[in-house]
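Residue-level structural notes
So you can see what is in the structure, the chains are spelled out below.
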Amino acid sequence: MAEAPGGRVVFDLTSAARWSGPPVGIVRAHRELAAWASAHLSDVAFAIFDPRDMRFHHITRSDADAFIAGAATLNLWNMPDATGARARRSAWLPSWLYALLQGRRTWLRLWERVRLAARWPWLARLADVLQRPVITHRYASSMLNADGARRPFPTPDMVLGEAVAFTPTDTLVATGFGWNHTNIAAISDAKRADGFRFVVLCYDLIPLLLPHYFEPRGHAQMQRYWDQALAIADVVVANAEAVGRDIAAYAKDVGVAVRAVHVAPLGADPPLAEAPTRPLPAGLQAGRYALFVSTIEPRKGHELLYRVWRRLLAAGVPQGRGFQLVFVGRPGWMMETFDQTLAADAEVAASLKRLERVDDAVLDQLYRQSAFCLYPSAYEGYGLPVIEAFARGKAVLASDGGALAEVAGPFSPVLGVGDEDAWFAAMKQWIEDPAVSAPYEQGIRERFQLITWAEAARRFFEAAGVSMV
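Everything in this summary refers to the structure shown in the same document. Each chain carries its own residue numbering, running from 1 in the written order of its sequence. For a predicted model such as this one, the threshold for reporting local features is a pLDDT of at least 70, and the threshold for listing and counting side-chain atom pairs is 80 or more; totals across whole chains, interfaces and linings nevertheless cover every residue. Note that the side-chain values use all heavy atoms of the structure and ignore hydrogens as well as water.

This part covers unusual backbone geometry. Non-glycine residue Met-54 carries a positive phi angle of around 55°. Under the scheme used here, helices are H or I runs from DSSP no shorter than 4 residues and strands are E runs no shorter than 2 residues, and both carry numbers assigned from the N terminus. Take Met-54: it is sitting in the loop between β3 (44-50) and β4 (55-58). Summary of the burial criterion: residues with accessible area below 20% of their type's maximum are buried, those above 50% are exposed, and those between are partly exposed, where the area comes from a 1.4 Å probe applied to protein chains only. On the basis of relative accessible area, Met-54 is assigned to the partly exposed category, the value being 28%. In this model, Asn-78 sits at a positive phi of 70°, which is unusual for a non-glycine residue. Within the fold, Asn-78 resides in the loop between α3 (61-68) and α4 (95-101).

Taken together, seven strands build an open sheet; the order of strands is β4-β3-β2-β5-β6-β7-β8 and the sheet is mixed. Edge positions in the sheet fall to β4 and β8 (261-263), since each has one partner strand and no second. Neighbour to neighbour, the strand axes of the sheet diverge by 30° on average, direction disregarded. Alignment of strand β2 (residues 9-12) against strand β5 (residues 171-174), held across four bridges, turns out to be parallel. Following the sheet pairing, Val-10 is matched in β5 by Leu-172. Note on definitions: a residue-residue contact is assigned when non-hydrogen atoms from the two residues lie within 4.5 Å. Fitted lines through C-alpha atoms serve as axes, helices being fitted only where they are in contact, and the angles separating the N-to-C directions of these axes extend from 0 to 180 degrees. Helix α12 (residues 216-232) rests against β5, β6 (197-202) and β7 (235-238) of the sheet, and its axis sits at about 130° to β6. Strands were regarded as paired on the criterion that DSSP finds at least two bridges between them.

Among the secondary structure elements, Trp-453 is positioned in helix α23 (residues 453-463). The exposure class of Trp-453 is buried, given its relative accessible area of 4%. Sequence spacing of Trp-453 and Ala-268 is 185 residues, and the spatial spacing of their C-alpha atoms is 5.4 Å. Sequence-distant contacts of Trp-453, defined by excluding residues within four places in its chain, comprise Ala-29, Glu-32, Leu-266, Gly-267, Ala-268, Asp-269 and Leu-384.

It is worth spelling out the packing of aromatic side chains at this point. Aromatic pairs are defined between Phe, Tyr and Trp rings, using the six-membered ring for Trp, whenever the two ring centres lie within 6.5 Å; interplanar angles under 30 degrees are classed as stacked, those over 60 as edge-to-face, and all others as tilted. On inspection of all chains with the given rule, the structure shows 24 aromatic pairs. Ring geometry for Phe-460 versus Phe-461: centroids 5.0 Å apart, planes at 85°, classification edge-to-face. Taken individually, Phe-460 and Phe-461 each receive the classification buried, so the pair is uniform in this respect. Members of the aromatic cluster, connected to one another through ring pairs, are Trp-19, Phe-177, Trp-179, Tyr-225 and Trp-226.

In this section: the layout of surface pockets. One simple way to see leftover space: roll a probe sized like a water molecule over the atoms. In this analysis the probe radius is 1.4 Å and the grid spacing 1 Å, with only protein atoms considered; a cavity is a set of points the probe fits into but cannot get out of, a pocket is an open set with protein on both sides within 12 Å along at least five of seven lines, and lining residues have an atom within 4 Å of a point. Grid points are joined across faces, edges and corners, and a volume is the space filled by probe spheres set on the points. Each pocket or cavity is described by its volume, and for the second largest pocket that value is around 800 Å³. By residue number, the principal contributor to the lining of the second largest pocket is helix α18 (residues 360-369), which donates seven residues. Gly is placed with the polar residues, together with every amino acid not listed as nonpolar (Ala, Val, Leu, Ile, Met, Phe, Trp, Tyr, Cys and Pro) or charged (Asp, Glu, Lys and Arg). Split by residue class, the lining of the second largest pocket holds 18 nonpolar, five polar and 14 charged.

What follows concerns the pattern of salt bridges. Here, a salt bridge means any Lys or Arg side-chain nitrogen found within 4 Å of an Asp or Glu carboxyl oxygen. Summed over the entire model, instances satisfying the criterion amount to 26 salt bridges. We note a salt bridge from Arg-8 to Asp-170, for which the minimum N-O separation is 3.0 Å. Residue Arg-8 is found in the loop between β1 (2-3) and β2, and its partner Asp-170 is found in the loop between α8 (156-159) and β5; the two are separated by 162 residues along the sequence. Arg-8 sits in the buried class, given a relative accessible area of 18%. A residue is classified by how much of its surface remains accessible, and Asp-170, at 2% relative accessible area, is buried. Its salt-bridge partner being Arg-299, residue Glu-297 comes within 3.3 Å of it at the nearest N-O pair.

Structure, rendered in structure tokens:
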């Protein structure tokens, strides 16, 4: 077991509690680190940031386990913005009037309390029956699993316990979306008052390095968070050497003295050696598609692949092998025009497939049965989908943006960011002649060594200064 130097670890679980739907990379890492802490740290407490009093509050181990497993989502309707950057437009309304105007939410929230607290199964079933007709698509991801089964959606008063009383021997560990889900000024004030250690995981500083890929509000939030987090953190853990260099350069530019930056890579679960075969989504054939797993956002390179795909179709390349391009990921931001373009393009409709809300079992099969994978991102702090592809022996065409050259370079070609001609040539060659990618797959099988999440978590807490005993 391990313990913080002289005291406990307080693990900020706010992002896991607030999340619904399939996890993106940060959420997956956040959950895995929390799960390891729960299983291996002798003195760990899980806490959630409450924007009403700007403090962390304890949650029970059973609630923590549910949030870590992605089996429950915290209902934060009507709650103030934790960052303090936005005020709810209806904040001036009396609470009773707001509840009346938000009739659907009020109905769902009240019956969810009954459903979760019911002593009698018939009452829980009644609550479910009364909620179901009111659960629109907007609320489905928070209240329903992918198979339609109900998931707990508790309100803060059902989950949050006493405020955390920090001591100088505590270590607060932040590995989620702190810039959206907590208030760094409040954390700074609490640290100054209580003297606890603060350890933060930095996945990347991309919004600060490439702000044109983000909405101004997102850039401002990240800047506010990292300018203060880097200044107060006792340890900043970066998940790649490239991110560590970015942190050092950015801190120098803004005049912040960072105490310590350590690198600890992210992990990936080893795929089952004999995973049960799941049917591929309709229209896909094994070995006849290229796979790109990523949130659909500007910097990831979806628009580049779309342009390349149109050129490949014009050259008759995919049609000759019945080949398709598959995007897997939830919609992001600033992509409305791209969405409209895809929807209106009849030429690509039959060969470019978009998939959302894909569970882990289906995603595993999509990786395994793909011809090869793609990752054309303009910049990455790590690139977990690349590792997930390698873990299944799949070659990847990746860009050289950020840490991708570091992560993918030893095992697959890395192409210039935005070099459309290079991507066209490489994809054309790999589609027309699968033998070209075979040596890369052979190299992956022989030389790639997967860092499991257990090992990655151990390295993270070691870097964080949590002593191992």
